[in-house]
Structure formats: C-alpha cells, structure tokens
Amino acid sequence: QEVSDWLNRLGIKFDAREQLSRLGNAELQVIEIVKALRANSEVLILDEPTASLNEEQVELLFSEIGKIKNQGSAIIYVSHRMDEISLIADRAIVLRDGLVVASDHMEKLNREELIRLMTGNPTANASTFEKRHPGRPALKVENLSTKEKLNDINLDLYRGEVLGIAGLMGSGRTELLRAIFGADRRSHGDIKIGPEMCSADIKSPVDAVNNRIGLINEDRKQQSMLPELSILQNITLACLARFTGKFGWLDSARASLDAEKQIHNLSVDCTSTGQKVNELSGGNQQKIIIARWLLMDCNIFLFDEPTRGIDIQTKQMIYELLDQLARSGKAIVVVSSEP
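Per-chain numbering applies: the sequence of each chain, read as written, is numbered from 1 onward. Residue-level local features of this predicted model are given only where pLDDT is at least 70; pairs of side-chain atoms are given and counted only at 80 or more, and the full residue set underlies all totals for whole chains, interfaces and linings. Side-chain numbers here rest on the full set of heavy atoms in the structure, without hydrogens or water.

Observations concerning the pairing of strand E5 (residues 137-145)
DSSP bridges decide pairing: two strands pair if at least two such bridges lie between them. The helix and strand labels rest on DSSP assignments: H or I over at least four residues marks a helix, E over at least two residues marks a strand, and numbering proceeds from the N terminus. Note that E5 and strand E6 (residues 153-158) share 5 bridges and pair antiparallel. Across the sheet, residue Pro137 finds its bridge partner in E6, namely Tyr158. Here E5 runs beside strand E8 (residues 188-193); their pairing, made up of 5 bridges, is antiparallel. Within E8, the residue paired with Glu142 across the bridge is Asp190.

Structural notes on a nonpolar patch on the surface
Residues Val43, Ile45, Ile76 and Val78 make up a contiguous nonpolar surface patch of about 350 Å² in total accessible area. Only strand E1 (43-47) and strand E2 (74-78) provide two or more residues apiece to the nonpolar patch. As for its placement among the helices and strands, Ile45 is situated in strand E1. Using a relative accessible area of 56% as the deciding quantity, one classes Ile45 as exposed. Patch members must show over 30% relative accessible area and no salt bridge, and they are joined within 9 Å when carrying like charges or within 5 Å when they are nonpolar side chains of Val, Leu, Ile, Met, Phe, Trp or Tyr. Here the open area of atoms and residues is found with the Shrake-Rupley method and a 1.4 Å probe, where only the protein chains shown may cover a residue. A side-chain nitrogen of Lys or Arg and a carboxyl oxygen of Asp or Glu constitute a salt bridge if their distance falls within 4 Å. Exposed residues in this analysis have more than 50% of their type's maximum accessible area, buried residues have under 20%, and partly exposed residues fall in between, with area computed by a 1.4 Å probe over protein chains only.

Quick look at unusual backbone geometry
With phi around 55°, Asn40 is a residue other than glycine that occupies positive phi space. Within the secondary structure layout, Asn40 lies in the loop between helix H2 (25-37) and E1.

Topic: the pattern of salt bridges
Within the structure shown, the criterion is met by 21 salt bridges. Lys35 serves as the salt-bridge partner of Glu32, at 3.3 Å between the closest nitrogen and oxygen. Here the residue Glu32 and the residue Lys35 both occupy positions in helix H2, the gap between them amounting to 3 residues, near one helical turn. Here Glu113 and Arg116 are joined by a salt bridge, their closest N and O atoms 2.7 Å apart. Of this pair, Glu113 and Arg116 both sit in helix H5 (residues 111-119), separated by 3 residues, roughly a single helical turn.

Considerations on helix H12 (residues 312-327)
In a regular helix each residue adds 1.5 Å, so 16 residues correspond to 22 Å; H12 covers 23 Å between its end C-alpha atoms and thus fits that length. By the burial criterion, the buried members of H12 are Ile312, Thr314, Lys315, Gln316, Met317, Ile318, Leu321, Leu322, Asp323, Leu325 and Ala326. Note on H12: the residue one or two positions beyond its end, Gly329, has a positive phi of about 100°. Expected span of a helix, by definition, is 1.5 Å for each gap between consecutive residues, and there is one gap fewer than residues.

This is the structure we're talking about:
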C-alpha cells in the first residue's frame with residue numbers, strides 16, 4: 001500500500017506487485033526514484049532522475065524533492081537538462097573534463113552561462129531546420145496489434161521525413177517500434193515497405209535488418225550493446241557479411257577502416273576501435289549504436305528516446321544527424337519524451 005501511494009504521488013498507475021521484468025525503462029526509473037525518496041536520507045543524490053519522465057511526472061518529482069528539502073535534507077541533483085537545474089537548484093557546480101570550472105549561487109548563473117561553462121563554447125542553440133520535402137512512401141503500418149499493448153495502429157512514413165511519436169509513459173510508443181522491428185510479436189496487422197508498398201513478412205529483427213530497417217533502442221545497455229566487446233565489434237555487428245570473403249574469413253582491416261570513418265563522422269570520443277564500449281560515456285555509446293545502422297545503410301531508422309541521458313552537445317549533434325539523414329532520403333521515426 002505504501003509503495004502504491006508513492007507511485008500515485010509520482011503519477012504512475014500500475015500495480016505495485018507487477019514484476020519488474022514486465023516494465024519499461026521509464027517505469028523502472030520511477031521505481032528507482034521511489035526507492036530513494038522513501039529512504040528519509042539526510043543526503044539524497046539524484047543522477048539524471050528525469051531522463052525517462054514526461055513533464056507532468058517531472059513536476060510531481062520536483063514537488064516531492066521540495067518537501068524533502070524543507071524537512072532538512074541536503075540534495076545533490078545531477079542533470080544535463082539546464083532548465084531543470086535553473087528551476088530546482090540553489091547552488092550549482094559545473095564540471096568539465098573532470099574539473100570544477102564554476103561554483104556559484106544560481107541567481108548568478110543563467111542557462112546560457114551554464115552551457116558555456118559546460119562545453120567551453122558559446123550557447124549551443126537548437127538549429128532552425130529548414131522545411132523538408134518528403135518523397136516516396138517508405139513504410140506503411142496497417143492495423144498493427146499486439147497481445148500486450150497495441151490495438152489497430154496505422155501510420156504512413158515517407159522518405160525524407162521525420163515522423164515524431166508522442167505519448168505518456170506506458171502508452172505503447174516503445175512497443176510500437178519493437179513490433180515494427182519484429183522484436184515483439186504482432187497478433188495481427190501488416191507492414192509494407194518501399195515505394196511499391198510490398199508486404200514485408202517481418203517476424204524477427206533479422207527480417208527487419210534484411211529489409212534495411214534499423215532500431216536504436218531506448219535501453220541501449222540492455223538491448224543494443226555488447227558492453228564487453230570492442231567498438232569495432234559493436235559497429236560491424238549488423239553487417240559482418242559485408243566484410244567476409246567467399247570462404248567466410250573476416251577482413252578485419254576493411255571492417256576497422258569503415259568503423260573508423262563512422263567514429264570520425266560522429267566525433268566519438270574514444271582511444272581506438274579496439275576500446276570496450278562499456279568504457280565510453282552514455283553519449284558516445286549512443287553514437288556507436290547509431291554508427292552500426294549508418295554502416296548498415298538502412299533506409300528506415302527507428303529512434304526510441306535517442307537523446308535520453310546524454311549531454312547537450314551530443315544531443316545537438318543527434319538532432320543535426322536526424323536532419324541530415326532525412327535530407328539524404330532516409331525515412332525516420334522518432335519516439336521522444338522531449339517536446
């Protein structure tokens with residue numbers, strides 16, 4: 001009952017007895033927050049707590065943080081979201097490359113100054129993208145349903161277009177992308193691809209990849225990466241056949257060269273293609289996953305929360321990359337909690 005009360009206070013409407021394995025990334029994040037908030041700690045440390053939350057849930061969380069602060073607890077709040085820092089913090093410490101570059105009261109640090117201190121550059125304003133002109137049909141979803149969540153979903157996607165999908169936590173956004181990609185089984189419905197709108201029999205991710213569809217998952221550590229393997233192995237994972245000869249031997253030199261091109265184009269901060277992916281920051285890990293599908297040269301990209309938990313510079317780079325992909329004729333679906 002106590003857990004249910006806490007979940008309601010944070011705007012969550014699911015059974016407190018639900019198994020964690022059945023919950024999405026956003027729901028798991030809320031449970032971690034509840035565990036921290038109900039501990040009555042003297043010092044509470046929150047590291048990117050709102051990465052998967054919608055605006056209403058952020059407001060409810062800030063209300064609970066305010067109550068804990070008024071009870072005398074000290075709070076350290078880590079975030080890449082400058083608007084949140086400006087709204088909730090009394091004082092701010094800015095880190096860059098492992099060093100403290102600023103420490104002051106918030107009334108002396110506005111949003112633009114925080115970004116300049118974080119990045120070492122002037123404010124990184126969101127680019128004003130020119131209007132894109134969609135081309136021929138790329139994907140058509142008809143009456144797609146799954147046993148667990150989706151019910152008769154229809155959508156059309158065109159080459160050169162970015163289609164945004166919005167919805168509250170638990171609304172089925174992630175499940176829709178997984179069903180299109182074949183990661184979740186459809187109970188009924190059709191998926192058609194290409195300008196001729198040919199029916200695509202996608203029953204697994206292998207079928208999706210063969211139809212040149214790529215999925216960038218929300219939970220990159222659990223569902224996208226092989227963390228103990230190298231950057232090279234993670235980038236080339238989806239298209240190893242491209243680098244093998246007629247006897248099946250892998251041309252490592254050619255694979256490494258192509259991977260290095262992707263690393264350079266995406267400005268991945270790493271030591272070499274042999275470095276383990278789990279040694280990279282979250283933003284650089286996201287770039288590696290994107291590089292995998294760029295190397296595959298997919299026609300359709302499915303992005304699920306592509307900017308979750310990454311810094312403001314990498315976020316800007318991903319926005320610009322999405323625009324570039326669309327302008328090159330790719331068809332893109334983006335699920336995001338960031339309006």
